[in-house]
Amino acid sequence: MNKMGVQMRVSVLRMRLAILLVIGAIAVSTIANYTINAALQGDPQRDAQEVAAAVGELNELAGKDAIKIEAPSEIENINISSANLLLILLPVLAIILPLRTFRTMLNFGDSRGRYFIGLLLIYAAAALVLALCNSLWWPFEQGVIREHSQTINLIEVFGWDRMGIIGAFLYQAAFYFFVLSLFNLLFSRMKSPVTWILWAVLIAAIPIGTSIASLRVHVADFFLALLFNDSLLAGMGLNLALSAVFIAGAWLFTRHRTI
Amino acid sequence: MPIPFDENRPIFQQIADRIEDDILNDTYAEEDQIISTTQFSRMFQINPATVVKGFGLLVNEGIIYKKRGLGMYVSAGAKEKIMGKRRERFYSDLVVKLLEEAEKLGMTMEDVIEMIKREKRGDRT
Amino acid sequence: MNSVLKVNHLSKSYGRMEAVDSLSLELAEHTIYGLLGRNGAGKTTLLNMITGGMFPDGGEVVVHGRPLHKGEVPTQVCYIREKNFYPNGARVRDVLQMASAFHPDWDSGLASRLLGTFKLNPRKKMRQLSRGMESMVGNIIGLASRAPLTIFDEPVLGLDVLMREKFYRTLLEDYTEHPRTILLSTHLIDEIATVVEQVFIMENGSILMSEEVEQIRERAYTVSGSSAVIASFVEGRRVIHSEGYGQVGVAVLYGVLSEQERSEAESRGLLIDGVPLQKFFAYLIEEGQGNE
């Protein structure tokens, strides 16, 4: 076993419980949904109206016809795609690994640099694997699952399906990596005041960004460019560029992190 | 193995004493190979450098010598040398102190000699 | 003498507390050292800085001739912490296997032999181990690493006397066959007194004394007798500790005492004797505090 192998092993050991919990939660929620679908007589038309209203509101917020969801005239109970539920693992992974594997690796005698590169490799692998899971699930979901129940998948929410299956896969991977590197930044050095400021800024940014009208347009534009980008290259580029910034920040934290 | 050494005195001196004792009581005859420093260190759980220092003391005094690549051997005449050394020590450590103590107790030299003779006869009363 | 580790005027404070205060020391190759001090003397902080886990406020650490920069971890060093961070869901044999990846001189044969010597079940998970067995896992890693500089922080914590002896014996045996520099940090001198060559005695972030154990045995002594005679005898000598009860008293001193001085003192009615090491260190530390 080499050092990277040790890091993988340690990461799995530290994540084992979280992975089991997430998978358990997905299983429970799927079963619960089936039970509810069977037990409740929903009102498909009212549900459909609500969705249409929500889409309208979102479009108003964004200022243009950005969201291209055709609200159907009637829907049954809509569930989030099981493959999307798995994405809960993204923040979980990027919180647990920096918090729980740094000391273990350094205690074994690892250097901060090698540890950090290993961490990035794990994140890259996780982003690719989760993107692959969802991309493979997507045709199955459309062809088989939707025969029985209504589901919703990120791929169509953000309109990535327009880029073909490969395009959707790449866009997802870039976005997932972005999420991982953001959370990783926030949990890379909890003992530093810089981290606390970062947290404060981020928490403050959400109400400020959405409540001030002039800012709101820019915030919406930013999310459109990040998530709903019509160009695969521009969308991936933006995600990866921001990831690079977060990674640089996380390295500054890790480089001088104490045990 | 517990440490059978007096912790108030330097261990290397006690190591040298111990080897000398083994030569005096004929555990080692002259020209015999003695225990190696490594074995000694292992047996008594003592830092090898300390053991080497103790053995070095004996090498310097010509009591043991090193055969290159083979180990440590008892020198010819080692026993005599040790006995001579110990006799001197017997005088300074025991005889002088004995007389000093006797003086404190108001005993004459004759009293002391008489006591020694009595002990030798096995007549304690 | 090849220097394996050199520490120059190292300092580290937590707020107003000086954990390590302008401390210097040097370790030569192929030597076993002891770092002695009470809990809270700053030993662990010092060791963490030496191994790159923490950063000094001032001073320098040079390992195998290379200055250690902030954020770097020295190579060819194995540091066994008192509080280890091995994943508690891992099995003992997995932890050993993982540790082997970080030590180029690792001897897996030795590691598995030691599992037997120390009666550790390799299939047990870390969380199932007692404190003593946990210490032993670290100790096996430290020994099997054969690192040119191996540091143990409180290696016998939670171990019974038999296992402690087994550990020190094994350490000496392996050291004899594969000489390297070993630093044993502990608050118990008696156990390491015959194992180490030299000790550093640490208190309040500084080294109070750095001496060969044999030298300390030679130079530390007590005198007891009449208080007046003791008072004149200790003049100009280093007194570590003294106490008196009216006419009689006792003093612990440190320094070279010639045969002549000894017999002179004895002829004046003083009784001269050795000092058990653990007692000597306790007095020394007390004295160190008094000087503040």
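Everything here concerns the structure above.
Given the structure is predicted, the values throughout are model-derived calculations rather than measurements. (Residues numbered from 1 in each chain as written. Chains lettered and ligands numbered in written order. Predicted model: local features only at pLDDT ≥ 70, side-chain atom pairs only at ≥ 80, totals over all residues. Heavy atoms only, no water.)

**Details of the overall build of chain A**
- Counting secondary structure elements, chain A contains eleven helices and two strands.
- Of the regular secondary structure in chain A, the N- to C-terminal order runs α-α-β-α-α-α-α-β-α-α-α-α-α.
- Out of the 259 residues in chain A, the part that is buried amounts to 39%.
- For chain A, restricting intrachain contacts to residue pairs at least 6 apart in sequence, the fraction spanning at least 24 positions comes to 77%.
- Accessible area of chain A: about 13,500 Å², with a carbon and sulfur share of 71%. (Helix = DSSP H or I, 4+ residues; strand = E, 2+ residues; numbered from the N terminus. Buried < 20%, exposed > 50% of the residue type's maximum accessible area, 1.4 Å probe, protein only. Contact = heavy atoms within 4.5 Å. Areas by Shrake-Rupley, 256 points an atom, 1.4 Å probe, with all protein chains shown as cover.)

**Quick word on the interface of chain B and chain C**
- Each partner contributes residues to the interface: chain B has 22 residues there, and chain C has 24 residues.
- Between chain B and chain C lies a buried interface of about 2,000 Å² when both sides are counted; carbon and sulfur atoms form 49% of it.
- Counting the surface chain B buries against chain C, the share from its top three residues, Glu-7, Arg-42 and Gln-45 of chain B, is 33%.
- Between chain B and chain C we count three salt bridges in total.
- Across the chain B-chain C interface, the total number found is six residue pairs in polar contact (both at pLDDT 80 or more).
- Mapped onto the side of chain B that touches chain C, the elements with two or more residues apiece are helix H1 (11-24), helix H2 (37-44) and helix H3 (48-60) of chain B. (Buried area = accessible area lost by both parts, 1.4 Å probe. Salt bridge = Lys/Arg side-chain N within 4 Å of Asp/Glu carboxyl O. Polar contact = N/O pair within 3.5 Å; in protein donor to acceptor, adjacent residues only side chain to side chain.)

**Some details on the pairing of strand E13 (residues 248-254) of chain C**
All names here are of chain C.
- Counting buried positions along E13 gives five out of seven residues, so the element sits mostly inside the fold.
- In this structure, strand E11 (residues 220-226) lies alongside E13, joined through seven bridges in antiparallel fashion. Pairing of Tyr-221 across the sheet is with Leu-253, part of E13.
- As paired elements, strand E12 (residues 238-245) and E13 share seven bridges and run antiparallel to each other. Looking at E13, one finds that Val-239 is bridged to Leu-253. (Pairing = 2+ DSSP bridges.)

**Quick look at the interface of chain C and chain A**
- Between chain C and chain A, the contact holds 27 residues from the first and 24 residues from the second.
- In terms of surface lost to chain A, no three residues of chain C exceed Phe-85, Met-98 and Phe-102 of chain C, which account for 33% of the buried area on that side.
- On inspection of chain C and its partner chain A, the count reaches one salt bridge.
- Linking Arg-9 of chain A and Asp-94 of chain C is a salt bridge whose minimum nitrogen-to-oxygen distance equals 3.0 Å.
- At the boundary of chain C with chain A, the tally comes to six residue pairs in polar contact (both at pLDDT 80 or more).
- A class-by-class count of the residues in the side of chain C that touches chain A yields 13 nonpolar, nine polar and five charged. (Nonpolar A, V, L, I, M, F, W, Y, C, P; charged D, E, K, R; others polar.)

**Let's talk about a nonpolar patch on the surface**
Residue and element names in this part refer to chain B.
- A surface patch of nonpolar side chains, amounting to about 440 Å² of accessible area, comprises Leu-98, Leu-99, Met-109, Ile-113 and Ile-116.
- Contributions of two or more residues to the nonpolar patch are made by helix H4 (78-104) and helix H5 (109-121).
- Of all the elements, H5 adds the most residues to the nonpolar patch, at three residues.
- Along the chain, the position of Ile-116 falls in helix H5.
- What makes Ile-116 partly exposed here is its relative accessible area of 47%. (Patch = residues over 30% accessible without salt bridge, like charges linked within 9 Å, V, L, I, M, F, W, Y side chains within 5 Å.)

**Side note on the nonpolar core**
- Judged by nonpolar contacts, the single largest core of 113 residues is most densely connected at Ile-141, Leu-184 and Phe-280 of chain C.
- Looking at this core, the element that brings in the most residues is helix H8 (residues 164-186) of chain A, giving eleven residues. (Core = buried A, V, L, I, M, F, W, Y, C linked by side-chain atoms within 4.5 Å.)

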